[in-house]
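Analysis of the macromolecular model
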Amino acid sequence: MVNELFRSVSSEEDISLMLPLLLSPEELNAINARTLVYKELLLGERSQREIAKTHGISIATITRGSNNLKSMSAKEKKLLQTLLIGK
């Protein structure tokens, strides 16, 4: 159902309006933090401790993100890298 909903959204403005209707502020913050962690880890320019300090994200959150990345398929990692970094 969520996939169908996102496929029907035609603009970034609509997404910005829709997400707060579906998710609590805490959930949105968690998604933003996870996305930032994935991007930083994929870039590989900072240690987990540096990422935590720079962005105010707990080490536990970064470790979970790192473990999730390790369990992803090459296709999933490539998709994330393309979406988050543009490579």
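Computed from a predicted model, the values in this text were never measured in an experiment.

**Quick word on the packing of helix α4 (residues 48-55) against helix α5 (residues 59-71)**
A pair of packed helices is characterised by two quantities: the angle between their axes and the separation of those axes. The N-to-C vectors of α4 and α5 enclose an angle of 130 degrees; their axes lie 9 Å apart at closest approach. Taken together, the axes of α4 and α5 are oblique relative to one another. Where α4 crosses over α5, the two elements pack in a sense that is right-handed. Only I59, I62, T63 and S66 of α5 make contact with α4, whose side of the interface consists of Q48, R49, I51 and A52. Counted by class, the contact of α4 with α5 contains 4 nonpolar, 3 polar and 1 charged residues.

**Here's the deal with the pattern of salt bridges**
Taken as a whole, this structure holds 1 salt bridge when the rule is applied. Between R46 and E40 there is a salt bridge; the shortest N-O distance is 3.7 Å. Given a relative accessible area of 34%, R46 falls into the partly exposed group. E40 sits in the buried class, given a relative accessible area of 8%.

**Thoughts on the nonpolar core**
Counting residues in hydrophobic clusters, the biggest one holds 6 residues: A33, V37, I51, A52, I57 and I62. Listing elements by their share of this core, those giving two or more residues are α3 (25-43) and α4. The residues touching I62, leaving out its near neighbours within four places in the chain, are V37, L41, Q48, I51, A52 and I57.

Conventions adopted
Residues numbered from 1 in each chain as written. Predicted model: local features only at pLDDT ≥ 70, side-chain atom pairs only at ≥ 80, totals over all residues. Heavy atoms only, no water. Axes fitted to C-alpha atoms, helices over the stretch in contact; angles between N-to-C directions. Helix = DSSP H or I, 4+ residues; strand = E, 2+ residues; numbered from the N terminus. Parallel < 35°, antiparallel > 145°, perpendicular 65-115°, else oblique. Left-handed = near helix turned anticlockwise from the far one by under 90°. Contact = heavy atoms within 4.5 Å. Nonpolar A, V, L, I, M, F, W, Y, C, P; charged D, E, K, R; others polar. Salt bridge = Lys/Arg side-chain N within 4 Å of Asp/Glu carboxyl O. Buried < 20%, exposed > 50% of the residue type's maximum accessible area, 1.4 Å probe, protein only. Core = buried A, V, L, I, M, F, W, Y, C linked by side-chain atoms within 4.5 Å.

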